[in-house]
Amino acid sequence: MTTRVAIVGGTGKLGRVIREVVETEEGYQVAAVLTSRSEMSELDGADLVIDASTPAVSIDVVRAAVERGINVLVGTSGWSNERIALVRPLVDASGTGVVFIPNFSLGSVIGSALASAAAPFFPSIEIVEAHHESKIDSPSGTAVRTAELIAAARAEVGPVESPHVDQRARGQRVASVPIHSLRRPGVVARQETILSGAGESLTIVHDTIDPATAYAPGIRIALAAAREATGVVVGLDSFIDIGVRTRPVVAEEPVADGDVSGQVAGATSA
């Protein structure tokens, strides 16, 4: 049985990579390619929707697909834990599945998991992430996910130490973790998680060099998972055993879509 896939944002950088994987994967067919300005009625007839649009459009794509009883694979950035809480009741009521993947790179997922595992042992933790100049949202979805995993891992020891965060140059706090975002040419994606304690520090770095090569294995894993998913699932680590346990991120109460911590959610992929 062939799964008919509609890809929203299929003409963008990430969308083109996803489209190439879907077209070469046995059992899947690209049924529709939508832009961020397409009518949501173009989702009709699809068995699975993949969202690689923009943060401003993504929530409408998810809602439209779920209302039609279609599962969704979300690769768009901008989905903090708080924003996911906005659509969780709709997903649960519909019996569909929505899989949110902040980063399709296996290396990135492992890096975030390692940071989470180390987090309880270091009182000071900050994240520096860099992306190409055309990325329109900040912090990145990967950085937000890493910060949320760190906070979950530190549930028993408390939030990280982050002095002087009232100063804008100290970054934006997500789940108590300061995040610093760079947007500059010559970079694809890079994230450093810097963990510091008395007399020492540990830096976990991940670089994306070739997105098509880096993302394809993760896209295949997520594609198969999203087709069968029920409810809300976050992170590629939900479907693979990387040998590092991460604590589940506690669901937050939904907030207004334009007031989501950690993202330019209402105005503005990893």
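About the cut-offs
Every residue gets a number counted from 1 within its own chain, in the order that chain's sequence is written. In view of the model being predicted, local features appear only for residues whose pLDDT reaches at least 70, and side-chain atom pairs are presented and counted only at 80 or more, with totals across whole chains, interfaces and linings using the full set of residues. Excluded from the side-chain calculations are hydrogens and water; all other atoms, namely the structure's heavy atoms, are used. UniProt positions are given in the numbering used here, feature names are shortened, and annotations may be inferred rather than shown by experiment. Partly exposed residues are those whose accessible area sits between 20% and 50% of the maximum for their type, while under 20% is buried and over 50% is exposed, using a 1.4 Å probe and protein chains only. Helix and strand labels come from DSSP, where a helix needs a run of H or I of at least four residues and a strand needs a run of E of at least two; each type is numbered from the N terminus. Pairing between strands requires that DSSP locate at least two bridges from one strand to the other. By the criterion used throughout, a crossover qualifies as right-handed when its path from the first strand across the helix to the second strand runs clockwise, the strands pointing away from the viewer. Think of each axis as a best-fit line through the C-alpha atoms, taken over the contacting stretch in the case of a helix, with angles from 0 to 180 degrees between the N-to-C directions. The contact criterion used throughout is that any non-hydrogen atoms of two residues lie within 4.5 Å. A 3.5 Å cut-off defines polar contacts: any pair of N or O atoms within that distance qualifies, except that in protein one atom must be a possible hydrogen donor and the other a possible acceptor, and neighbouring residues in sequence count only when both atoms are side-chain atoms.

Looking up the protein chain in an unreviewed UniProt entry gives the name 4-hydroxy-tetrahydrodipicolinate reductase, with the organism given as Microbacterium trichothecenolyticum. A UniProt comment under Pathway (unreviewed entry) is attached to the protein chain, and it reads "Amino-acid biosynthesis; L-lysine biosynthesis via DAP pathway; (S)-tetrahydrodipicolinate from L-aspartate: step 4/4." Among the UniProt annotations of the protein chain, the heading Sequence similarities (unreviewed entry) holds the following wording: "Belongs to the DapB family."

Draft legend 1. Geometry of the pairing of strand E5 (residues 97–100). The two faces of E5 match: Gly97 and Val99 on one face and Val98 and Phe100 on the other face are all buried. When strand E4 (residues 71–74) meets E5, the two strands line up parallel, connected through three bridges. What sits directly across from Val72, in E5, is Val98. Note that the unit made of E4, helix H3 (residues 81–94) and E5 has a crossover that is right-handed.

Draft legend 2. Region of interest: the sheet that holds strand E3 (residues 48–51). A sheet is described by the order of its strands in space; here six strands give the open sequence E2-E1-E3-E4-E5-E11, paired in parallel fashion. Edge positions in the sheet fall to strand E2 (28–34) and strand E11 (231–234), since each has one partner strand and no second. Direction aside, the axes of adjacent strands within the sheet are offset by 20 degrees on average. Note that E3 and E4 share four bridges and pair parallel. Across the sheet, Leu48 pairs through a bridge with Asn71, a residue of E4. The strands that helix H6 (residues 211–228) touches are strand E1 (3–8), E2, E3, E4 and E5; relative to E4, the one it contacts most, it runs at about 150 degrees.

Draft legend 3. Spotlight on the UniProt feature "domain: Dihydrodipicolinate reductase N-terminal" (unreviewed entry) in the protein chain. The positions UniProt marks with the feature "domain: Dihydrodipicolinate reductase N-terminal" (unreviewed entry) are residues 4–104. Regarding residues 4–104, the helix share stands at 39% and the strand share at 24%, and the terminal C-alpha atoms are separated by 21 Å.

Draft legend 4. Seen up close, the side chain of Glu126. Checked against the element boundaries, Glu126 lands in strand E6 (residues 124–131). Judged by relative accessible area, which is 18%, Glu126 ranks as buried. Side-chain polar atoms of Glu126 contact the side chain of Arg170, separated by 2.8 Å. Among residues more than four places away in sequence, those in contact with Glu126 are Arg170, Val177, Pro178, His180, Glu192, Thr193 and Ile194.

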